[in-house]
Amino acid sequence: MPPLLFKQLIDTAIPRADLGMVNLLIGLAVLAYAGAAGLLLLGGYIGTLIGTGIIKDLRQALFDHLQRMPLAFFVHAKAGAIQSRLNTDVLNAQQMCTGHLYTGSVGSITADLLVLSFTLSAMLALNWQVRLVTLAIVPMLLVGIRLIGRRMRVLVRERWSSSAA
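Just so it is clear, the model here is predicted, and its values are computed rather than measured.

A. Structural context of the overall build of the chain. Regarding its fold elements, the chain presents six helices and zero strands. Along the chain, helices and strands appear, N-terminal first, in the series α-α-α-α-α-α. Sorting the 165 residues of the chain into buried and exposed places 13% on the buried side. Sequence-distant contacts, at least 24 apart, represent 48% of the contacts inside the chain between residues at least 6 apart. Accessible surface, the chain: about 12600 Å² in total, of which carbon and sulfur atoms supply 71%.

As structure tokens, this is what we get:
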């Protein structure tokens, strides 16, 4: 919304020297930014509440499961591997829920998809040629992300193995 307001400001209000329209558009832009910030804070708060609840339940379920394991399991398994696995799995789930794993949480991914859809819609409404050129870059980005993702998986497995050792 704010970029469209600034477009209107630059293309219409300033060339006409309409101070009333300038003030209105700037006020609307400030309200739009404040509303976006408020929604971001609210989403973060709700996501944190949900994420901490999930992590609490996950930790409790892991502890209960570990208590029911037979003694033979603990004799044959390496203590470091068990502890590392439990900590790593819970930590990864916690990071995914609270938004600290690599790029963000499920909530931030949803928000990013909404922003992307609104941005693409605005680009289509304003200039479809620019949207077409922008979307032509996406396949190259996806190839790069895929290559980096493969390398990250190898590095994460190495880290888990060294942590378990």
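B. Structural view of the packing of aromatic side chains. Using the criterion set out here, one finds one aromatic pair in the structure. Note on Phe 73 and Phe 74: the rings are 5.2 Å apart at their centroids and 80 degrees apart in plane angle, and the pair reads as edge-to-face. You can call Phe 73 partly exposed: its relative accessible area is 30%.

C. Summary view of helix H1 (residues 2–16). Between its terminal C-alpha atoms H1 stretches 20 Å, which fits the 21 Å expected from 15 residues at 1.5 Å a residue. Roughly 40 degrees is the biggest bend found in H1, and it falls at Leu 9. Residues of H1 that are buried include every one of Pro 2, Leu 5, Leu 9, Thr 12 and Ala 13, and no others. For H1, the secondary structure elements touched by its buried residues are helix H2 (19–68). Downstream of H1 by one or two residues, Ala 17 has phi in the positive range, about 55 degrees.

D. Quick look at the packing of H1 against H2. In the contact formed by H1 and H2, the axes pass within 9 Å of each other and the chain directions differ by 170 degrees. Between H1 and H2, the angle is such that the two are roughly antiparallel. Packed against H1, whose contacting residues are Pro 2, Leu 5, Phe 6, Gln 8, Leu 9, Thr 12, Ala 13 and Ile 14, the element H2 presents Met 21, Val 22, Leu 25, Ile 26, Leu 28, Ala 29, Ala 32 and Tyr 33 at the interface. For the contact of H1 with H2, the per-class residue count stands at 14 nonpolar, two polar and no charged.

E. Expanded view of the nonpolar core. Leu 5, Leu 9, Ala 13, Val 22, Leu 25 and Ala 29 form the largest nonpolar core, which has six residues in total. For this core, the secondary structure elements donating two or more residues are H1 and H2. If sequence neighbours within four positions are ignored, Val 22 has contacts with Leu 9, Ala 13 and Ile 14.

F. Expanded view of the environment of Lys 56. Looking at the secondary structure, you find Lys 56 in helix H2. A relative accessible area of 60% means that Lys 56 is categorised as exposed. Measuring from C-alpha to C-alpha, the distance between Lys 56 and Val 90 comes to 9.6 Å, with 34 residues separating the pair along the chain.

G. Local environment of a positive patch on the surface. A surface patch of like charges, here positive, comprises Arg 146, Arg 150, Arg 153 and Arg 157. With respect to the helices and strands, Arg 157 occurs in helix H6 (residues 128–164). For Arg 157, a relative accessible area of 53% puts it in the exposed group.

H. Molecular detail of the confidence of the model for the chain. Of all residues in the chain, 89% have pLDDT values of 70 or greater, and the mean over the chain is 80. Taken element by element, the chain is modelled with least confidence in helix H4 (residues 79–98), mean pLDDT 72, and with most confidence in H1, mean pLDDT 85.

I. Spotlight on H2. In this model, H2 (50 residues) spans 73 Å end to end at C-alpha, consistent with the 74 Å of a helix rising 1.5 Å per residue. All of the buried residues along H2 are Val 22, Leu 25, Ala 29, Gly 51 and Ile 55. Where H2 begins, one side-chain oxygen reaches toward the backbone nitrogen of Gly 20, 3.3 Å away; that side chain belongs to Asp 18.

Cut-offs applied
Residues numbered from 1 in each chain as written. Predicted model: local features only at pLDDT ≥ 70, side-chain atom pairs only at ≥ 80, totals over all residues. Heavy atoms only, no water. Helix = DSSP H or I, 4+ residues; strand = E, 2+ residues; numbered from the N terminus. Buried < 20%, exposed > 50% of the residue type's maximum accessible area, 1.4 Å probe, protein only. Contact = heavy atoms within 4.5 Å. Areas by Shrake-Rupley, 256 points an atom, 1.4 Å probe, with all protein chains shown as cover. Phe/Tyr/Trp six-rings, centres within 6.5 Å; stacked < 30°, edge-to-face > 60°. Expected span 1.5 Å × (residues − 1). Bend = angle between axes of the 7 residues up to and from the residue. Axes fitted to C-alpha atoms, helices over the stretch in contact; angles between N-to-C directions. Parallel < 35°, antiparallel > 145°, perpendicular 65-115°, else oblique. Nonpolar A, V, L, I, M, F, W, Y, C, P; charged D, E, K, R; others polar. Core = buried A, V, L, I, M, F, W, Y, C linked by side-chain atoms within 4.5 Å. Patch = residues over 30% accessible without salt bridge, like charges linked within 9 Å, V, L, I, M, F, W, Y side chains within 5 Å. Salt bridge = Lys/Arg side-chain N within 4 Å of Asp/Glu carboxyl O. Lys, Arg positive; Asp, Glu negative; His and termini not counted. Charge placed at Lys NZ, Arg CZ, Asp CG, Glu CD. pLDDT = per-residue confidence, 0-100. Polar contact = N/O pair within 3.5 Å; in protein donor to acceptor, adjacent residues only side chain to side chain.

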